[in-house]
Amino acid sequence: PFIEGGVGLGFADSNPAGGGLGQDFNFTFDVAAGARYDICDDFFVRLAVVYQHVSNAGLSEPEHPNHPIDALGPKLSFGYSF
């Protein structure tokens, strides 16, 4: 089992007139929990549930409203340990 989290910056092609994020520069954070299974010494598979939030933190207010994106879903990944 594992838990993880991350923060970051991002750029998106936002269209405020169409209900976009409000501006192109955005912040993001995510959290995940799941399990890892080692197939052999070098390869593994992970299954997790991930929540991610993308927002400009209101930096475009009041001219362009912030419309954040929230995503929640499963993530299946394969990896190689070196």
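Everything that follows concerns the structure shown earlier in this document.
Anyway, here's the lowdown on the structure attached to this text. From a predicted model like this one, the values you see are computed outputs, not experimental measurements. What you see as residue numbers is a count from 1 along each chain, following the sequence as written. Given that the model is predicted, a residue must reach a pLDDT of at least 70 before its local features are reported, and side-chain atom pairs must reach 80 or more before they are shown or counted; all residues, however, enter totals for whole chains, interfaces and linings. Note that the side-chain values use all heavy atoms of the structure and ignore hydrogens as well as water.

Turning to the overall build of the protein chain, a few remarks are in order. For the purposes of this entry, the term helix denotes a DSSP run of H or I that reaches at least four residues, the term strand denotes a run of E that reaches at least two, and both are numbered from the N terminus. Looking only at helices and strands, one finds zero helices and four strands in the protein chain. Listing every helix and strand of the protein chain by position from the N terminus yields β-β-β-β. All radius of gyration figures rest on C-alpha atoms, and the globule criterion is 2.2 Å times the number of residues raised to 0.38. Radius of gyration (C-alpha) of the protein chain: 17 Å, far over the 12 Å computed for a compact globule of 82 residues. Once the C-alpha set of the protein chain is aligned to its principal axes, its extents read approximately 55 × 20 × 20 Å. With 82 residues in all, the protein chain has 24% of them scored as buried. It only takes one pair of heavy atoms within 4.5 Å for two residues to be counted as in contact. Of all intrachain contacts in the protein chain linking residues separated by at least 6 positions in sequence, the fraction that spans at least 24 positions is 52%. Reported accessibility uses the Shrake-Rupley method at a 1.4 Å probe radius. Residues are deemed covered only where the shown protein chains occlude them. For the protein chain, the accessible surface area stands at approximately 5800 Å², while carbon and sulfur atoms represent 63% of it. When accessible area is computed with a 1.4 Å probe and restricted to protein chains, residues below 20% of their type maximum are described as buried, those above 50% as exposed, and intermediate ones as partly exposed.

By convention here, two paired aromatic rings are described through the distance between centres and the angle between planes. Only the six-membered ring of Trp is used, alongside the rings of Phe and Tyr, when aromatic pairs are assigned; centres must lie within 6.5 Å, and planes under 30 degrees apart are stacked while those over 60 apart are edge-to-face, with the rest tilted. Inspection of every chain in the model, using the stated rule, returns five aromatic pairs. Note on phenylalanine 29 and tyrosine 51: the rings are 6.0 Å apart at their centroids and 55 degrees apart in plane angle, and the pair reads as tilted. Note that phenylalanine 29 is positioned in strand β2 (residues 25-38) and tyrosine 51 in strand β3 (residues 43-55), a separation of 22 residues in sequence. Ring centres of tyrosine 80 and phenylalanine 82 lie 6.2 Å apart, and the angle between their planes is 20 degrees; this geometry places the pair in the stacked category. Judged by its relative accessible area of 90%, phenylalanine 82 falls in the exposed class. Here the aromatic residues Phe11, Phe25 and Phe27 are joined through ring pairs into a cluster of three or more. Throughout this description, the term charge over a ring refers to an Arg CZ or Lys NZ atom that lies within 6 Å of the ring centre and within 35 degrees of the ring normal. A cation sits over an aromatic face here: arginine 36 above phenylalanine 44, 3.9 Å from the ring centre. Here the guanidinium or amino end of arginine 46 rests over the ring plane of phenylalanine 2, the centre of that ring lying 4.2 Å away.

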